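# Structural description and commentary
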Amino acid sequence: MATQEPGLQADTIVGGDFRVVRSLGSGGMGAVYVAEQLSTGSLRALKILHRDLAADDAELQRFLGEARLASRIPSDHVVQVVGAGRDADGAPWLAMELLEGESLAARMRRDGRLAPGAVQEVFAQLCHALGAAHAAGIVHRDIKPENVFLAVPRREGPRFTLKVLDFGIAKLVAQVRRTATVPVGTPLWMAPEQSEVSPAIGPPTDVWALGLLAFLLLTGKSYWLSGHSAQAGVSAFLRELLYEPLPAASARAAALHCADALPAGFDSWFERCVCREVAGRFADATAARAARRPGPRRATPWPPR
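Residues numbered from 1 in each chain as written. Predicted model: local features only at pLDDT ≥ 70, side-chain atom pairs only at ≥ 80, totals over all residues. Heavy atoms only, no water.

## A closer look at the sheet that holds strand S2 (residues 18–26)
Strand order in the open sheet formed by 6 strands is S1-S2-S3-S4-S6-S5, and the pairing between neighbours is antiparallel. Edge positions in the sheet fall to strand S1 (13–14) and strand S5 (81–86), since each of these pairs with one other strand and no more. Where S1 and S2 come together, 2 bridges link them in antiparallel fashion. Within S2, the residue paired with isoleucine 13 across the bridge is arginine 19. (Pairing = 2+ DSSP bridges. Helix = DSSP H or I, 4+ residues; strand = E, 2+ residues; numbered from the N terminus.)

Following this line, the structure appears as structure tokens:
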């Protein structure tokens, strides 16, 4: 089996059990296909990663191990991995449950900031996934709207079933791309420690992104000023991330003309998430979810129950 452009052909067999049906799309890390799992007859999402992500065999084996571990995170809000391996050309692949729905990024591009009820659902389900991962010793490292999927639910009740994508992949990409001059992480979402050559990454790294994501959900806008300028480069963002004062969430929301979007108590909660000192953050997603900040009776405190 080969992974050269323009991609895999229909009916190509991957890992001895997955038959490519059609392409779903491609990106910076590789390509995704709809594939039939021959042993079960179920349709799966098959992700083929670029070969350069597997140049170091030890890193590849670690990635495959973490992919299997991530599949055992005790949360329905983590995408299920049903197979993992490497193809004949050395490219890693993952076979996952095939989801119907859209990413959080796509939802917000279409609708802007979410309604309060939807924000509560997203936050609760996302923290369930991250809390379970953190308890299992797993850190995502790249929480962002593109890695949060709002799937069509398979049971009556919820409007969507949130799924966190790409556990394990984020770590593999970080290890391959880490250099003395290139920051590790997705700009606008990475924590300060991810800009270092040898960072100490842990659950508080995901907590940082969780705070930024909550701000985005409520306001429809990025917390970072450099995120609102097409001319701003990585250097401008790194100045904001590492050196410039971090305004309170309400002050930044006011500057972005959406001061009414934040609930009572959000400032103090956000400060415990988006704190440059790792020790100043909530220890993990479960702690961030459990935190309560009293607010005026007329307003719903953050975070929601």
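## Section: the pairing of strand S8 (residues 148–151)
In S8, alternate side chains face the same way, and those of Val148 and Leu150 on one face and Phe149 and Ala151 on the other are all buried. Where strand S7 (residues 101–103) meets S8, 3 bridges bridge the pair, whose relative direction is antiparallel. Within the sheet, the bridge partner assigned to serine 103 lies in S8 and is phenylalanine 149. Where S8 lies against strand S9 (residues 161–164), 4 bridges are found, and the strand directions are antiparallel. Residue pairing across strands places leucine 150 opposite leucine 162, the latter belonging to S9. (Buried < 20%, exposed > 50% of the residue type's maximum accessible area, 1.4 Å probe, protein only.)

## Concerning helix H8 (residues 266–273)
Of all the residues in H8, the buried ones are Phe266, Trp269, Phe270 and Cys273. Viewed along the axis of H8, the buried residues span an arc of 100°, placing them on a single side of the element. On its buried face, H8 sits against helix H3 (116–135), helix H5 (203–219), helix H7 (249–255) and helix H9 (285–290). (Arc of directions from axis to C-beta. Contact = heavy atoms within 4.5 Å.)

## Here's the deal with the pattern of salt bridges
Inspection of every chain in the model, using the stated rule, returns 11 salt bridges. Here glutamate 121 makes a salt bridge to arginine 159, at a shortest N to O gap of 2.8 Å. Highlighted residues: glutamate 121 in helix H3 and arginine 159 in the loop between S8 and S9, separated in sequence by 38 residues. With a shortest N-O distance of 3.4 Å, lysine 144 and aspartate 142 are connected by a salt bridge. (Salt bridge = Lys/Arg side-chain N within 4 Å of Asp/Glu carboxyl O.)

## Looking at the packing of H5 against H8
Relative orientation of the contacting elements H5 and H8 amounts to 145°, with a least axis distance of 7 Å. Packed against H5, whose contacting residues are Val207, Trp208, Leu210, Gly211, Leu212, Ala214, Phe215 and Leu218, the element H8 presents Phe266, Trp269, Phe270, Arg272 and Cys273 at the interface. When grouped by side-chain class, the residues that make up the contact of H5 with H8 number 11 nonpolar, 1 polar and 1 charged. (Axes fitted to C-alpha atoms, helices over the stretch in contact; angles between N-to-C directions. Nonpolar A, V, L, I, M, F, W, Y, C, P; charged D, E, K, R; others polar.)

## Quick notes on the packing of aromatic side chains
Under the counting rule described, the total for this entry stands at 14 aromatic pairs. With a centroid separation of 5.5 Å and an interplanar angle of 65°, the aromatic rings of phenylalanine 266 and tryptophan 302 are classed as edge-to-face. Of this pair, phenylalanine 266 sits in helix H8 while tryptophan 302 sits in the segment after H9; the two residues are 36 residues apart in sequence, bridging distant segments of the chain. For phenylalanine 266, a relative accessible area of 1% translates into the label buried. Through a chain of ring-to-ring contacts, three or more aromatic side chains come together here, namely Phe123, Trp208, Phe215, Tyr223, Trp224, Phe237, Phe266, Trp269, Phe270, Phe282 and Trp302. Cation over ring: arginine 272 sits above phenylalanine 282, and NZ or CZ is 4.4 Å from the ring centre. (Phe/Tyr/Trp six-rings, centres within 6.5 Å; stacked < 30°, edge-to-face > 60°. Lys NZ or Arg CZ within 6 Å of the ring centre and 35° of its normal.)

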